[in-house]
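Analysis of the macromolecular model
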Amino acid sequence: MIHQSIKILGLMSGTSLDGLDLALCEFSFADNKVKFQLVDSETIAYKPVWKERLQNVFDATAEQYFKLHSLYGEFTADSVNTFLLKHNQKPHYIASHGHTIFHRPELGFTTQIGCGATIAAKTGISTICDFRSLDVALQGQGAPLVPIGDRDLFSQYASCLNIGGIANISFTQNGITKAFDICVANMALNYLTETIGKAYDENGDMASEGNCNTDVLNAFLNLNTNGQSIGREWFETYFLPILNSVSISLNDFLATCVEYIAMKISHVLNEHHLSSVLISGGGAYNSFLKKRLKFHYKGNIETPSDEIIQFKEAIIFAYLGYLRVNEKINTLSSVTKADRDSIGACVYLGNK
C-alpha cells in the first residue's frame, strides 16, 4: 500500500440518467486504515441530446455503439477538464466507471461506454476504467462493486443503502461482506413521471397524494428478485409489463411503486437484523419514500450530508481506483459470486 496522500477523481454515471458525477477525493493511509476527504464535487447534468443518445444506444449497430463509446469518452474528458480548471486541481488519476449499456454476466460480458483511452489522451491524466470485466470473466456478476468502499470508508453504519435507479444494499456480518440488488427504485418512479414531462417526483409529493393499489402491489411483490442482478433489462422484461397492463392514475402508480420499494427494502433490513442504515442516492431526498420505509423498519435511518448522498458512488469508484493502482483487492467475490477476489480495471497512462 502506498502510504502518501493521493488525489483521484472518481466519475460515475448511473441508470437514472441524471448526469455525470465527479468527485475529487484525497486518500491517505494512517492507523492501518484508509481515510478520505472529498475535495471538490459536481454533477454535470445531461443535456437532452445526451439523454436521448444514452436511452437509444441499445438499438444501435456495432459501429454506432463504438462511435458513441468514443464520443462519450470525449464528453467525459471535456467535463473533467472544465471541472479541474474551475477548481484549479490536478489529480494523480481519474477513475471512470463509464455508463453501463449492456450488463449480461450470464452471457460473459458487461459494457460501459466512455473510452478510457480517450479520457487519458484528452486530459493527460492516467485513467482507470473497465472495473467490471475481470469479475465477469471470473464467473462473477460484475456487480455490485461499491460494497468494499462501504466496508472500508463507511464502517460506522450497520448497512449502506443506495436508492438510485436500482435500490441496493451492502453490510458486513461476522467478517463477511454481503451485498445485492433489492429492487427497481427511481428507474420505475422516473419512468412514470417522465410520461408527463417531469424528470422526477420531488420529495415524493405526487406519490403522497395517491393511493396504493393492492393488486398491482402484489403483482410487483410476486416478482422474483432474489439473487438477481437488476438492471434495465430486468425492468423492461418483468416490471414494465405490469405497469403497462393496468389503468390507474399516475399518482396511484407512484404511491404503489413507493410502497413496493419501501416494503422490499424493509424486508431485507429486518431479515438481517440490521440496526441502522445509511441512505444515499436520489431516493434519500424522497421524503414520502423515507416515511413509508420508517413505517416498515424500526431501526435507525441515517441521512448523510448532501455531498455524500449525491456523490457516494463516485467517491467509492475513486477508492476502487486507489486500490487498483496500489494493486490491492478491489472486487469481493463474496458479493459478486466470482471464483475469487480480484484487482479489476484497466489503466491508460496519461502524460508523464
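Everything below is about the structure printed above this text.
Residues numbered from 1 in each chain as written. Predicted model: local features only at pLDDT ≥ 70, side-chain atom pairs only at ≥ 80, totals over all residues. Heavy atoms only, no water.

Concerning the packing of helix H8 (residues 214-221) against helix H9 (residues 232-245)
Contact geometry for H8 and H9: axes closest at 10 Å, N-to-C directions at 165 degrees. Here H9 runs roughly antiparallel to H8, going by the angle between their axes. You can see that H8 and H9 cross each other, and the crossing is right-handed. Note on element contacts: H9 touches H8 through Phe239, Ile242 and Leu243, opposite Val216, Ala219 and Phe220. Class assignment for the residues of the contact of H8 with H9 results in six nonpolar, no polar and no charged. (Axes fitted to C-alpha atoms, helices over the stretch in contact; angles between N-to-C directions. Helix = DSSP H or I, 4+ residues; strand = E, 2+ residues; numbered from the N terminus. Parallel < 35°, antiparallel > 145°, perpendicular 65-115°, else oblique. Left-handed = near helix turned anticlockwise from the far one by under 90°. Contact = heavy atoms within 4.5 Å. Nonpolar A, V, L, I, M, F, W, Y, C, P; charged D, E, K, R; others polar.)

Overview of the side chain of Asn190
Note that Asn190 resides in helix H6 (residues 186-193). Look at Asn190 and you get buried, because its relative accessible area is 10%. Sequence-distant contacts of Asn190, defined by excluding residues within four places in its chain, comprise Ser16, Ala199 and Tyr200. (Buried < 20%, exposed > 50% of the residue type's maximum accessible area, 1.4 Å probe, protein only.)

With respect to the packing of aromatic side chains
For the coordinates displayed, the defined rule picks out 20 aromatic pairs. Between Tyr46 and Tyr72, the ring centres sit 6.4 Å apart and the planes meet at 50 degrees, which makes this aromatic pair tilted. Separated by 26 residues along the polypeptide, Tyr46 in the loop between strand E3 (33-45) and helix H1 (48-56) and Tyr72 in helix H2 (residues 62-87) bring together distant segments of the chain. Arranged with centres 6.1 Å apart and planes meeting at 35 degrees, the rings of Tyr65 and Phe102 form a pair that is tilted. Separated by 37 residues along the polypeptide, Tyr65 in helix H2 and Phe102 in strand E4 (residues 93-104) bring together distant segments of the chain. Put simply, the rings of Tyr191, Phe220, Phe235, Phe239 and Tyr260 pair up and form one aromatic cluster. The ring of Phe58 carries the charged tip of Arg232 above its face, separated from the ring centre by 3.3 Å. Above the plane of the ring of Phe154 lies Lys312, whose end atom (NZ or CZ) is 5.6 Å from the centre. (Phe/Tyr/Trp six-rings, centres within 6.5 Å; stacked < 30°, edge-to-face > 60°. Lys NZ or Arg CZ within 6 Å of the ring centre and 35° of its normal.)

Some thoughts on the sheet that holds strand E11 (residues 300-302)
Taken together, the five strands give an open sheet; going across it, the order is E9-E8-E7-E10-E11, and neighbouring strands pair in mixed fashion. Taken across any chain shown, the strands that pair with only one partner, and hence form the sheet edges, are strand E9 (176-184) and E11. Sheet twist, expressed as the average angle between the axes of neighbouring strands with direction ignored, equals 20 degrees. Two elements, strand E7 (residues 160-163) and strand E8 (residues 166-173), share four bridges in a ladder whose sense is antiparallel. Directly across from Cys160, in E8, lies its bridge partner Ser170. (Pairing = 2+ DSSP bridges.)

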